[in-house]
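Chain residues, written in single-letter form:
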Amino acid sequence: MTRITVFGGTGFLGRRLVDRLAWAGHEVIVAARHDRDVSVPDAPGTAIMRRTDVRDDADVAAALAGATAAVNAISLYVERRDLRFEEIHVDAATRIARQAADAGIGLVHVSGLGTEVDSDSAYVRARAAGERAVRQTHPDAVVVRPSVLFDPNDAFSSSLRMLARLPVVPLFGHGETRLQPVHVGDVAEAVAHLLERGIANATYELGGPGAHRYRDLVEAALTAAGRHPPLVPVPFPLWRGLSAVLTALPSPPLTRDQVILLEKDNVVGDGANTFATLGIEPRDLVRNGLGGQH
Ligand SMILES: NC(=O)c1ccc[n+]([C@@H]2O[C@H](COP(=O)([O-])OP(=O)(O)OC[C@H]3O[C@@H](n4cnc5c(N)ncnc54)[C@H](OP(=O)(O)O)[C@@H]3O)[C@@H](O)[C@H]2O)c1
């Protein structure tokens, strides 16, 4: 049994990973700001909540005390006046990496596909800077870059299903951007494999088995709903404008950073370490009924 600290262990990916690790018999420390019931009943391992703000050195040290490995699955998708992307994706990522390196323990840093230092998106730039800082601070860290995560009830699958209720369906551009949606449980499995095999100093790009054009995903959702409203191309500059307004809402349904990410293909690169490297066969969003089955 090993003791693994999962920063962001109450999040969409983090919860799946905590379950997977507890069921494999590990002792999991779940580090996040808000108390939740993180127990995994009947599992041979344990999961214990440890209230942590990753912006605080002492909190991070306490969460890592006695750990044999750590995972950073923290996220921030929308900036607030008092909380910037750099604080979470660069500064906090570096803090976790430095403390993990000083303790001599392994680290899996979860980032995302499509990070670019010169992106128009502040989110994407911060993720790229965070990866670089983690690499410099903890050379043995493993960076994991998933494509968009799905499960049967997540926001991405639900938003595709919701489109089926509209009289006309607006596309992002012509809907030609290719995405490789990946099941959240498959990413959790991959991270668990990396930890359990002690893999170090590597980058993994994790996408589902198929790269789908956005319009094909929409059409699959419409077919599943038995509806065929017309698809209407909407230019990206219009989406950027609309999302800039929406981003000001407390819980924006669409952010400018998401629009910018949708302007370019979000697929696994040639020659990358992937699920295949780990011997994992990932599930496909379309073949799994657009998240309708497990
Ligand atoms: N979801 C996707 O489609 C997607 C796609 C590609 C990559 N990723 C990456 O996958 C990782 C996990 O994403 P996710 O969607 O699972 O994130 P999420 O559901 O938004 O969860 C974020 C987690 O971070 C914790 N957190 C946030 N700020 C914190 C702070 N200051 N101190 C401590 N904990 C904090 C949250 O708990 P509290 O709020 O209680 O602190 C929560 O546990 C991220 O690196 C993300 O960029 C996600």
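Calculation rules
- Residues numbered from 1 in each chain as written.
- Predicted model: local features only at pLDDT ≥ 70, side-chain atom pairs only at ≥ 80, totals over all residues.
- Heavy atoms only, no water.
- Helix = DSSP H or I, 4+ residues; strand = E, 2+ residues; numbered from the N terminus.
- Rg over C-alpha atoms; globule rule 2.2 N^0.38 Å.
- Contact = heavy atoms within 4.5 Å.
- Areas by Shrake-Rupley, 256 points an atom, 1.4 Å probe, with all protein chains shown as cover.
- Lys, Arg positive; Asp, Glu negative; His and termini not counted.
- Charge placed at Lys NZ, Arg CZ, Asp CG, Glu CD.
- Expected span 1.5 Å × (residues − 1).
- Buried < 20%, exposed > 50% of the residue type's maximum accessible area, 1.4 Å probe, protein only.
- Salt bridge = Lys/Arg side-chain N within 4 Å of Asp/Glu carboxyl O.
- Near = heavy atom within 4 Å.
- Polar contact = N/O pair within 3.5 Å; in protein donor to acceptor, adjacent residues only side chain to side chain.
- Nonpolar A, V, L, I, M, F, W, Y, C, P; charged D, E, K, R; others polar.
- Pairing = 2+ DSSP bridges.
- Right-handed = clockwise from strand over helix to strand, strands pointing away.
- Arc of directions from axis to C-beta.

A.B. asks: How should the overall build of the protein chain be read in this particular structure?
C.D. replies: Helices and strands together make up the secondary structure of the protein chain, namely 10 helices and 13 strands. The globule rule puts the C-alpha radius of gyration for 294 residues at 19 Å, and the 19 Å found for the protein chain is close to it. The C-alpha extent of the protein chain, read off along each of the three principal axes, is 55 × 40 × 40 Å. Contacts spanning at least 24 positions in sequence make up 72% of the contacts within the protein chain whose residues lie at least 6 apart. Surface accessibility of the protein chain: about 13,500 Å² in total, with carbon and sulfur atoms responsible for 51%. Between the centroid of the 31 positive side chains of the protein chain and the centroid of its 35 negative side chains there is a distance of 3 Å.

A.B. asks: Would you mind going over helix α1 (residues 12–23) with me for this structure?
C.D. replies: What sets the pattern is the α-helix's 3.6 residues per turn: residues three or four places apart point alike. Over its 12 residues, α1 runs 18 Å from end to end, which matches the ideal 16 Å to within 8%, given 1.5 Å per residue. Among the residues of α1, Leu13, Gly14, Leu17, Val18, Arg20, Leu21 and Ala22 are the ones counted as buried. Positive backbone phi, at 95°, marks Gly25, one or two positions downstream of α1.

A.B. asks: What is the right way to look at the environment of Asp57 in this model?
C.D. replies: Assignment of secondary structure puts Asp57 in helix α2 (residues 57–64). C-alpha of Asp57 to C-alpha of Ile96: the two residues are 39 residues apart in sequence and 8.6 Å apart in space. With residues up to four places along the chain from it excluded, the contact list for Asp57 reads Arg95, Arg98 and Gln99.

A.B. asks: Help me understand the side chain of Ser119, please; the structure alone is not making it clear to me.
C.D. replies: Structurally, Ser119 is set in the loop between β5 (106–110) and α4 (122–137). By relative accessible area, which is 7% here, Ser119 ends up buried. For Ser119, the residues in contact, after removing those within four places along its chain, are Val124, Arg125 and Ile260.

A.B. asks: What am I meant to see in the pattern of salt bridges here?
C.D. replies: Side chains that differ in charge, positive against negative, can pair when their charged atoms come close. Applying the stated criterion to the full structure yields 18 salt bridges. With a shortest N-O distance of 3.0 Å, Glu196 and Arg20 are connected by a salt bridge. A residue pair is termed long-range when its members are at least 10 positions apart, and Glu196 in helix α6 (residues 184–196) and Arg20 in helix α1 qualify at 176 residues. Accessibility expressed as a relative area gives 18% for Arg20, which makes it buried. Residue Asp53 pairs with Arg55 through a salt bridge whose shortest N-O separation is 2.7 Å. Taking the relative accessible area as the measure of exposure, Arg55 reaches 33% and is therefore partly exposed.

A.B. asks: Explain the site of the ligand here, please?
C.D. replies: The environment of the ligand is formed by 25 residues, the closest being Thr10, Arg33, His34, Tyr77 and Arg127. The backbone of Thr52 places a nitrogen or oxygen atom 3.5 Å from a nitrogen atom of the ligand. Separating an oxygen atom of the ligand from a side-chain N or O atom of Ser75 is a distance of 3.3 Å. Protein chains bury 86% of the 890 Å² of accessible surface belonging to the ligand in isolation. Only α1 and α4 provide two or more residues apiece to the shell around the ligand. Tallied by class, the residues present in the shell around the ligand amount to 13 nonpolar, nine polar and three charged.

A.B. asks: Explain the pairing of β5 here, please?
C.D. replies: For a regular strand, the rule is simple: side chains alternate between the two faces of the sheet. With four of five residues buried, β5 lies mostly within the body of the structure. The pairing of strand β4 (residues 69–72) with β5 spans four bridges and is classified as parallel. Directly across from Ala69, in β5, lies its bridge partner Gly106. The parallel pair β4 and β5 is bridged by helix α3 (residues 85–103), and the resulting crossover is right-handed. When β5 meets strand β6 (residues 142–146), the two strands line up parallel, connected through three bridges. Its bridge partner being in β6, Val110 is matched across the sheet by Val144. In this fold, the crossover linking β5 to β6 by way of α4 has right-handed handedness.

A.B. asks: Looking at this structure, how should I read α2?
C.D. replies: Of the residues making up α2, those classed as buried are Val60, Ala63 and Leu64. Taken around the axis of α2, the buried residues stretch over an arc of 95°, which confines them to a single face. Each element contacted by the buried residues of α2 is listed here: β1 (3–7), β2 (27–32), β3 (46–51), β4 and α3. You can read the cap of α2 off the contacts: a side-chain oxygen lies 3.0 Å from the backbone nitrogen of Ala58, and it is on Asp56. Directly beyond the C-terminal end of α2, a positive phi value near 80° is found at Gly66.

These figures capture arrangement, not role.
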